[in-house]
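# Structural overview for review
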Amino acid sequence: MTPTPSRRTVLQGLAAGSAVVAFDPVARSWAATADPGLPQVPPLDGTLRTDAASLAAAAEDYGHIVHRTPAAVLSPGSVDDVVKMIRFCNAHGIKVAPRGQGHGTYGQAQAAGGVIIETGPLNRIGTPEHGTVTVGAGALWIDVLRATLQHGLTPPVFTDYIELSVGGTLSVGGIGGQTHRHGAQVDNVLALDVVTGAGELVRCSPARHADLFHAVLAGLGQCAVIVSATIRLVPAPTAPTVRHYLLPYTDLAAFLADQRTLTRERRFDYVEGQVTADKNGAFTAYVLEAVAYDADVPEETLLAGLGYDPAGVQRTTPTYFDFVNRVGPVAEELKKSGVWAYAHPWLNLLIPGERTAEVAGEILAGVTAADVGAGLILLYPLERARLHAPLLPMPDDPVPYLFAILAATPSTDTATVDRLLAANRAAYERTAAAGGTQYPVGSIPFRPADWQEHFGAAWPQLVAAKHTYDPRGVLVPGQGIFG
Ligand SMILES: Cc1cc2nc3c(=O)[nH]c(=O)nc-3n(C[C@H](O)[C@H](O)[C@H](O)COP(=O)(O)OP(=O)(O)OC[C@H]3O[C@@H](n4cnc5c(N)ncnc54)[C@H](O)[C@@H]3O)c2cc1C
């Protein structure tokens, strides 16, 4: 196959700004050229890399399932670099995707033959003012937490693992055990600075360019690249430690009912839960995880009336920071043991609360310990009234559940990965039939028509924003939303 002249010309120009090189898209190789007539990327503050190692790294993610090789990787030296690069891509119809930590699991931050913009260098964390802080999209939540704690403040909601980028979680939603009290991370954003798919730098908020603001939060990168976010802070816990409980159950209905009681009565600051395998390998054991931040409420009140097995209760008292960062040390161990580099064909579903016992129970009945491998299963309630982002669709139920089978299996075992992807699809269909949908951070084979169903009433709004702000459709092809 011979590349068309226009595509070849564009990619030649893309290669290295003033140091123009020619690109053969079939061989994916670059060669120096001195043709001054080619369109060139304007001078950049950062670097545009085209070496094989950079391209291979950008064709990977936490899933290790999908591999799409870009033509170049931008490490921006400034927000202006993001503007220049997206304008260039927009002008020449080149796909472009921002990449935070690359912890999507199904190629979400990849762009075959396009440009990847690493947001890591955009990691400035401002000084908190009036209960807010403005942070660069590439900042990690762990660093935002460290910085705000110095002022006695904290973001209200965290994902379980906090070495994720602010831009990466705000583009999906950001859900955790505090969501029943404070909504998702996207519900705690006051303003954004974004670069649209047309290359315009725009500050947006609920009062200013509101359509863009609402199209970017949980918008899966389709309309604009977030370069910074102003987020709401709350007072950090003042007690030296928090109270962390693991409460075991053997009955799914009792476990779900107690989770609902705790979230409805706001007894704890954080509520999640895990499904674990019993001694026969069946997923019929449950652990309710709950955390109280302040010391004033007695334990008898916190745990009153719950149906857990008192013999198996675990109590710990970590510092607030260590609690929020609890997965960090686990991740380090998984990196050492090699499990972090396994394939992660993750399934993340949102199920109507009323149907959770039935749907999750059915799906769990077909799951084996070998399927989950070195991973885990989460099941915990959210509160719909706290979730306002139009592009984070929730089941029509006051207490939807997040149900996540976070499988980890050697990436060389492609037969198992393929089987789990098919199982993910079947579980999604079962969930959709019950009025649920997916939480789009996992690995579910999805077609554009599925996305339309997923976004539901918000679909026309996303389509309109896409036409307005990314008119050539260059942004974030890895989500597969617009074909
Ligand atoms: C160990 C682990 C634990 C997790 N726990 C949770 C959890 O508890 N709760 C939860 O909600 N999620 C959780 N996630 C999922 C995680 O929130 C998402 O995968 C998130 O997108 C990862 O952030 P990232 O910086 O790696 O993003 P990337 O993988 O780099 O990007 C994800 C998507 O967002 C787009 N994107 C990235 N940056 C920007 C930007 N600045 N502007 C616009 N679009 C952008 C990318 O193009 C891509 O499509 C977890 C993931 C892992 C690996």
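Only a predicted model underlies this, so the values are computations on that prediction, with no experimental measurement involved. (Residues numbered from 1 in each chain as written. Predicted model: local features only at pLDDT ≥ 70, side-chain atom pairs only at ≥ 80, totals over all residues. Heavy atoms only, no water.)

### Observations concerning the side chain of S205
As for its position among the elements, S205 is in the loop between β10 (201-204) and α7 (210-216). Once residues lying within four places of it in the same chain are set aside, the contact partners of S205 are L190, A191, A210 and F213. (Helix = DSSP H or I, 4+ residues; strand = E, 2+ residues; numbered from the N terminus. Contact = heavy atoms within 4.5 Å.)

### A word on the site of the ligand
In the vicinity of the ligand, 34 residues are found, and the nearest of them are P98, G100, S165, I175 and Y439. The backbone of G100 places a nitrogen or oxygen atom 2.7 Å from an oxygen atom of the ligand. G102 is positioned with one of its backbone polar atoms (N or O) 2.9 Å from an oxygen atom of the ligand. Coverage of the ligand by the protein chains reaches 95% of its 960 Å² of free accessible surface. (Near = heavy atom within 4 Å. Polar contact = N/O pair within 3.5 Å; in protein donor to acceptor, adjacent residues only side chain to side chain. Areas by Shrake-Rupley, 256 points an atom, 1.4 Å probe, with all protein chains shown as cover.)

### Let's talk about the sheet that holds strand β14 (residues 270-276)
Across the sheet, eight strands lie side by side as β16-β13-β15-β14-β18-β19-β17-β20; this open sheet has antiparallel pairing. At either end of the open sheet lies a strand with only one pairing partner, and these are β16 (314-316) and β20 (437-438). Alignment of strand β17 (residues 347-351) against β20, held across two bridges, turns out to be antiparallel. Looking across to β20, one finds that L350 is bridged to T437. Packing against the sheet, helix α14 (residues 414-433) makes contact with β17 and β20, and its axis sits at approximately 5 degrees to β17. (Pairing = 2+ DSSP bridges. Axes fitted to C-alpha atoms, helices over the stretch in contact; angles between N-to-C directions.)

### Description of the UniProt feature "domain: FAD-binding PCMH-type" (unreviewed entry) in the protein chain
Mapped onto the present numbering, the UniProt feature "domain: FAD-binding PCMH-type" (unreviewed entry) falls at residues 66-236. End-to-end, the C-alpha atoms of residues 66-236 are 39 Å apart, and along that stretch the chain is 23% helix and 25% strand. (UniProt positions renumbered as here; feature names shortened; annotations may be inferred.)

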